[in-house]
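# Secondary and tertiary structure notes
Spelled out from the first residue to the last, the chains are:
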Amino acid sequence: MSLTPLLEAAPAIPLHAFAAMAAFVLGIVQLAAPKGTLPHRALGWTWVGLMLVVALSSFWIHQIRLVGPWSPIHLLSIFALVMLVLGVTAARTRNVRRHKITMISIFFGALVIAGLFTFLPGRIMHEVVFGP
């Protein structure tokens, strides 16, 4: 395992990857910790900030080009941005059920499922974990 391929990539890629890794770890903490507490709200805002970095930084990553410089992953980024707004709005209006469903969906869809695709052969994270 070597971080070299990640650190040698264009600046948006390590920013995106490290923000995603931090959001993943913080997301697990959020899922396990008590809800509705001050720490949950503070860590939640941190998680939302990290997810904004993950989603926005993806627009400067063009490794897979299906339509010009864009790929389906960019649609996921747009979807994640919209869902973040909906999730925060749900929490602020005390719609706990919608907040919970939205945030868990973002965590699993944008971090877990999309994250697994980064380990496919030919991708930078595959090289980081499994070598060239």
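About the cut-offs
- Residues numbered from 1 in each chain as written.
- Predicted model: local features only at pLDDT ≥ 70, side-chain atom pairs only at ≥ 80, totals over all residues.
- Heavy atoms only, no water.
- Helix = DSSP H or I, 4+ residues; strand = E, 2+ residues; numbered from the N terminus.
- Contact = heavy atoms within 4.5 Å.
- Patch = residues over 30% accessible without salt bridge, like charges linked within 9 Å, V, L, I, M, F, W, Y side chains within 5 Å.
- Areas by Shrake-Rupley, 256 points an atom, 1.4 Å probe, with all protein chains shown as cover.
- Salt bridge = Lys/Arg side-chain N within 4 Å of Asp/Glu carboxyl O.
- Buried < 20%, exposed > 50% of the residue type's maximum accessible area, 1.4 Å probe, protein only.
- Core = buried A, V, L, I, M, F, W, Y, C linked by side-chain atoms within 4.5 Å.
- Expected span 1.5 Å × (residues − 1).

## Considerations on the side chain of Ser77
Examined against the element boundaries, Ser77 turns out to sit in helix α4 (residues 72-92). Beyond its immediate chain neighbours, meaning those up to four positions away, Ser77 contacts Ala55, Ser58 and Phe59.

## A closer look at a nonpolar patch on the surface
There is a patch of nonpolar side chains on the surface, built from Phe24, Val25, Ile28, Val29 and Leu43 and spanning about 380 Å² of accessible area. Examining the composition of the nonpolar patch, we find that four residues originate from one element, helix α2 (residues 12-32), more than from any other. Relative to the elements of secondary structure, Leu43 occurs in helix α3 (residues 38-57). By relative accessible area, Leu43 is classed as partly exposed at 31%.

## Section: the nonpolar core
One finds Trp47, Met51, Ile106 and Leu111 to be the most contacted residues of the largest nonpolar core, which totals 18 residues. Elements with a minimum of two residues in this core: α2, α3, α4 and α5 (96-117).

## Quick notes on α3
End to end, α3 covers 29 Å across 20 residues, agreeing with the expected 28 Å (1.5 Å per residue, within 8%). Here α3 has its buried residues at His40, Gly44, Trp47, Val48, Leu50, Met51, Val54, Ala55 and Ser57. Buried-residue contacts for α3 involve α2, α4 and α5.

## Re unusual backbone geometry
For Arg94, which is not glycine, the phi dihedral falls at a positive 65 degrees. Along the chain, the position of Arg94 falls in the loop between α4 and α5. The exposure class of Arg94 is exposed, given its relative accessible area of 72%.

## Focus on α2
An α-helical segment advances 3.6 residues per turn. Residues three or four places apart therefore align on the same side. An ideal rise of 1.5 Å per residue puts 30 Å on 21 residues; α2 measures up with 30 Å between its terminal C-alpha atoms. Among the residues of α2, Ala12, Ile13, Pro14, Ala17, Ala19, Ala20, Ala23, Leu26, Gly27 and Gln30 are the ones counted as buried. Of the surrounding elements, those touching the buried residues of α2 are α1 (4-7), α3, α5 and α6 (124-130).

## Observations regarding the environment of Ala91
Note that Ala91 resides in helix α4. Residue Ala91 is classed as partly exposed on the basis of its relative accessible area, which comes to 33%. C-alpha of Ala91 to C-alpha of Pro39: the two residues are 52 residues apart in sequence and 14 Å apart in space.

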